[in-house]
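# Overview (structure and organization)
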Amino acid sequence: MVALTSEPIDVAAALTFLQSEQAGAIDFFLGVVRDNTQDRSVDRLEYEAYDRMALSEMQKIADDAQQRWPILRYTIIHRKGILQIGEIAVLIGVSTAHRAAAFEACRYIIDTIKQTVPIWKKEVFTDGEEWVNAHP
């Protein structure tokens, strides 16, 4: 499952989706909005995406991960819009028979998403704002 959403990410629903009788490992990465970056106080984050292309690229990454590791199930969910401190911005979840594959696949997915998917993040500070990771 690959999704973009303006709604809060439901971790419990993602866990339920990933569960399988064949899965001995479920690994999650949760990217959470923190209150600071580079010694600046963060008020909130704002995410924008080119939806169709972002979903397509996320699916390609998931398909590639399935070729590299024996993934049973996966979920990739990224938020859009305004996010407050403590909210989950991205959830990557992978279930596999064994933990090593789950850890490796999960890390590959999030690292590749940050490099190639057209989702842009604006950090809003108490004294201004700045677009970061403005790629691809």
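Structure shown above.
A quick note: this is a predicted structure, and the numbers were derived from the prediction, not measured.

Scoring rules and cut-offs
- Residues numbered from 1 in each chain as written.
- Predicted model: local features only at pLDDT ≥ 70, side-chain atom pairs only at ≥ 80, totals over all residues.
- Heavy atoms only, no water.
- Phe/Tyr/Trp six-rings, centres within 6.5 Å; stacked < 30°, edge-to-face > 60°.
- Helix = DSSP H or I, 4+ residues; strand = E, 2+ residues; numbered from the N terminus.
- Buried < 20%, exposed > 50% of the residue type's maximum accessible area, 1.4 Å probe, protein only.
- Lys NZ or Arg CZ within 6 Å of the ring centre and 35° of its normal.
- Polar contact = N/O pair within 3.5 Å; in protein donor to acceptor, adjacent residues only side chain to side chain.
- Contact = heavy atoms within 4.5 Å.
- Core = buried A, V, L, I, M, F, W, Y, C linked by side-chain atoms within 4.5 Å.

## Re the packing of aromatic side chains
Scanning the entire structure with this criterion turns up 1 aromatic pair. Note on Trp69 and Tyr108: the rings are 5.4 Å apart at their centroids and 50° apart in plane angle, and the pair reads as tilted. One end of the pair, Trp69, is in the loop between α2 (51-68) and β5 (71-79); the other, Tyr108, is in helix α3 (residues 99-116), and 39 residues separate them in sequence. Taking relative accessible area as the criterion, Trp69 reaches 15% and is therefore assigned buried. Taking NZ or CZ as reference, Arg40 lies 3.7 Å from the ring centre of Phe125, over its face.

## Examining the side chain of Glu46
Of note, Glu46 is situated in strand β4 (residues 40-49). Within the local environment of Glu46, its side chain forms a polar contact with the side chain of Arg44, the two groups lying 2.9 Å apart. Ignoring sequence-local partners within four residues, the contact set of Glu46 consists of Gly81, Ile82, Trp120, Lys121, Lys122, Val124 and Trp131.

## Looking at the nonpolar core
Of all hydrophobic cores here, the largest spans 30 residues; its most connected members are Met58, Ile76, Ile92, Ile109 and Ile113. At the level of elements, β1 (2-5), β4, α2, β5, β7 (88-96), α3 and β8 (119-125) are the ones that each hand at least two residues to this core. Take this core: its biggest share by element is 7 residues, from α3. In contact with Ile109, other than residues within four places in its own chain, are Ile61, Ala65, Ile76, Ile92 and Val94. Membership of the second largest hydrophobic core comes to 5 residues, among which are Ile9, Ala14, Ile88 and Leu91.

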